[in-house]
Amino acid sequence: MKYLFIVQGEGRGHLTQAMTMEKMLLSRGHEVVGMLVGKSKARILPDFFLKGVQAPVRQFTSVNFLPSAKNRTADMGRSIFYNLVTMPKYSRSLVFLKNAIKDSGADVVVNFYELLTGLVYLLYNIRTPQICIGHQYLFLHKDFNLPHHKGFSEASVLNLYSRLTAIGASRHLALSFREMPPDHGHNIHVVPPLLRKEVLDMTPTAGDYIHGYMLNAGFATDVMSWHKEHPEVELRFFWDKWSEGPVRKYDDTLTFYTLDDKEFLRQMAGCMAYASTAGFESICEAVYLGKPILMVPSHIEQKCNALDATRCGVGISSDRFDLSALLGFARGFRPDEAFPAWARSAEEIIINELETCI
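Residues numbered from 1 in each chain as written. Predicted model: local features only at pLDDT ≥ 70, side-chain atom pairs only at ≥ 80, totals over all residues. Heavy atoms only, no water.

*Asks:* How should the overall build of the protein chain be read in this particular structure?
*Replies:* Assigned secondary structure in the protein chain consists of 14 helices and 14 strands. The buried share of the protein chain, reckoned over its 358 residues, is 57%. Of the contacts made within the protein chain by residues no fewer than 6 positions apart, 65% connect residues no fewer than 24 positions apart. Summed over its atoms, the accessible surface of the protein chain is roughly 15500 Å², and 54% of this surface lies on carbon and sulfur atoms. (Helix = DSSP H or I, 4+ residues; strand = E, 2+ residues; numbered from the N terminus. Buried < 20%, exposed > 50% of the residue type's maximum accessible area, 1.4 Å probe, protein only. Contact = heavy atoms within 4.5 Å. Areas by Shrake-Rupley, 256 points an atom, 1.4 Å probe, with all protein chains shown as cover.)

*Asks:* What's the story with the packing of aromatic side chains in this structure? I'm lost.
*Replies:* How two aromatic rings sit relative to each other is given by the distance of their centres and the angle of their planes. Under the defined criterion, the tally for this structure stands at 14 aromatic pairs. Ring geometry for Y213 and F264: centres 5.9 Å apart, planes at 80°, overall edge-to-face. Of this pair, Y213 sits in strand β8 (residues 209-213) while F264 sits in helix α9 (residues 261-270); the two residues are 51 residues apart in sequence, bridging distant segments of the chain. Neither Y213 nor F264 differs from the other in exposure class; each is buried. Taken together, a centroid distance of 5.7 Å and an interplanar angle of 75° make the contact between F237 and F321 edge-to-face. Remark: F321 occurs in the loop between β14 (315-317) and α12 (323-331) and F237 occurs in strand β9 (residues 234-239); sequence separation between them is 84 residues. The two residues F237 and F321 agree in class, both being buried. The rings of Y213, F238, Y257, F264 and Y274 are connected pair by pair, giving a single aromatic cluster. Geometry around Y209 places R236 over its ring, the cationic atom sitting 3.8 Å from the centre. (Phe/Tyr/Trp six-rings, centres within 6.5 Å; stacked < 30°, edge-to-face > 60°. Lys NZ or Arg CZ within 6 Å of the ring centre and 35° of its normal.)

*Asks:* Help me understand the state of the cysteines in this model?
*Replies:* Cysteine pairs can be linked by a disulfide, which is a covalent bond between their two sulfur atoms. This model, assessed by the stated rule, comprises zero disulfides. There is no disulfide at C284, and the cysteine sulfur nearest it, in C312, is 9.4 Å away. (Disulfide = S-S within 2.5 Å.)

*Asks:* So what exactly am I meant to see when it comes to the nonpolar core here?
*Replies:* Counting 96 residues, the largest nonpolar core has F5, M21, F49, I350 and L354 as the members making the most contacts within it. Excluding anything up to four places from it in sequence, F5 contacts A18, M21, E22, L25, V32, G34, M35, L36, V110 and F112. (Core = buried A, V, L, I, M, F, W, Y, C linked by side-chain atoms within 4.5 Å.)

*Asks:* Where do I start with the sheet that holds strand β12 (residues 273-276) in this structure?
*Replies:* Two orientations exist for strands paired in a sheet by backbone hydrogen bonds: parallel and antiparallel. Read from one edge to the other, the open sheet built from seven strands follows the order β10-β11-β9-β8-β12-β13-β14, with strand pairing classed as mixed. If you trace the sheet from one side to the other, it starts and ends with β10 (247-251) and β14, each paired once. Each strand axis lies, on average, 20° off the axis of its neighbour in the sheet, ignoring direction. As paired elements, β10 and strand β11 (residues 254-258) share four bridges and run antiparallel to each other. By the bridge assignment, D251 is partnered in β11 with L254. Running over the sheet, α9 touches β8, β9, β11 and β12 and is turned about 140° from β8. Packing against the sheet, helix α11 (residues 300-311) makes contact with β13 (293-295) and β14, and its axis sits at approximately 140° to β14. (Pairing = 2+ DSSP bridges. Axes fitted to C-alpha atoms, helices over the stretch in contact; angles between N-to-C directions.)

*Asks:* Would you mind showing me how to read helix α10 (residues 280-288) here?
*Replies:* Among the nine residues of α10, nine are classified as buried, and the element is accordingly described as predominantly covered. Looking at α10, one finds that the buried residues are F280, E281, S282, I283, C284, E285, A286, V287 and Y288. Once α10 finishes, G290 follows within two positions and takes phi at roughly 75°, a positive value.

*Asks:* Teacher, can you tell me more about the packing of helix α1 (residues 13-27) against helix α14 (residues 346-355) here?
*Replies:* Two packed helices can be described by the angle between their axes and the distance between those axes. Where α1 meets α14, the closest approach of the two axes is 10 Å, and the angle between their N-to-C directions is 75°. Between α1 and α14, the interaxial angle falls into the category roughly perpendicular. Note on element contacts: α14 touches α1 through A346, E347, I350, I351 and L354, opposite M21, M24, L25 and S27. Residues belonging to the contact of α1 with α14 are distributed by class as follows: seven nonpolar, one polar and one charged. (Parallel < 35°, antiparallel > 145°, perpendicular 65-115°, else oblique. Nonpolar A, V, L, I, M, F, W, Y, C, P; charged D, E, K, R; others polar.)

*Asks:* Help me understand the side chain of S298 in this model?
*Replies:* Its place among the elements puts S298 in the loop between β13 and α11. A polar atom in the side chain of S298 sits 2.7 Å from the side chain of Q302. (Polar contact = N/O pair within 3.5 Å; in protein donor to acceptor, adjacent residues only side chain to side chain.)

*Asks:* Looking at this model, I keep getting lost on the sheet that holds strand β5 (residues 130-134). Mind explaining?
*Replies:* Spatial strand order, β3-β2-β1-β4-β5-β6-β7: seven strands in an open sheet with parallel pairing. The strands lining the two open edges of the sheet, one partner per strand, are β3 (57-61) and β7 (188-191). Each strand of the sheet is rotated relative to its neighbour by a mean of 25°, with strand direction disregarded. With five bridges connecting them, β5 and strand β6 (residues 169-175) associate as parallel partners. The partner of I131 across the bridge, within β6, is R171. Across the sheet, α14 is in contact with β1 (2-7), β4 (108-112), β5, β6 and β7; its angle to β6 comes to roughly 175°.

*Asks:* Is there a simple way to think about the pairing of strand β2 (residues 31-39) in this case?
*Replies:* Side-chain direction in a regular strand flips from residue to residue, so the side chains alternate between the two faces of the sheet. Pairing between β1 and β2: six bridges, direction parallel. Bridging across to β2, Y3 finds its partner in V32. The pairing of β2 with β3 spans five bridges and is parallel. Bridge pairing in β3 places V37 opposite Q59.

This is the structure in structure tokens:
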């Protein structure tokens, strides 16, 4: 079968999921005919993705959530205004996606949480079956139990956004930290996370440094403030501040890196603990490698990720990079023994879902 991927380009998680799924499909004799990736001025498509996939990559302008003035959290008000002002750009992108799907000859479109995919299926008569995949669809599951809020809430906006991404989808694959029964009422099938073979093959070691990832560089203030009080603890953090170069050595025990996926995973495998802005993919990698986790969500999606992970007992959540709390949690931490087997079952479960969707 032929598959066309449409990928949200925000952050790291959806990109690595697409890379992993391509390898799985190719190993089963299928073909990935293209990767269509949403882009914005705020993000650069990393080399690890461009060099790590075989299918041709094409980019299109898509919705982007803007950081706040302090470059820490997603500013929903500014994001909505910005996206309304730039709507003509999205109109061109919708036409691009419609034509790309039609010309690809794909049997199935796999949508990695890209909003414009759902809008294309809403506005045009697209007959190619679509499968949506992402952790966000788990929040729509009848058994997930998001905290209830009366009236308008960030969680309700997130779930509305998720439904919009999935317009026209024949199946929703909800990536999850743990097994759950399907929600047939919402056509949600719960599947393992898409961890790459490089992660599955890693042997973790217990180093003496804290590893971290910040989607927005504004969180560096927290890290540097903590570092000044605890210079004896080595910190190695990855961020999106490309203007600083690939490696910025702040001093002997604090180093910032721009995102290099192989180096990121190497540092992950050897750390004593992991701190991040609660992206689903890197949390799963840390859980698989048995690392205690501090999650500092920068928007509602990451808050839901953190809620799910804390319920599973694999980490703690905070509104800032409180590395003292992370070290305290690490002292009594025990890895999740069931998660590695669940993660390793991903290929069999997910490919079966893709092969039986039409």
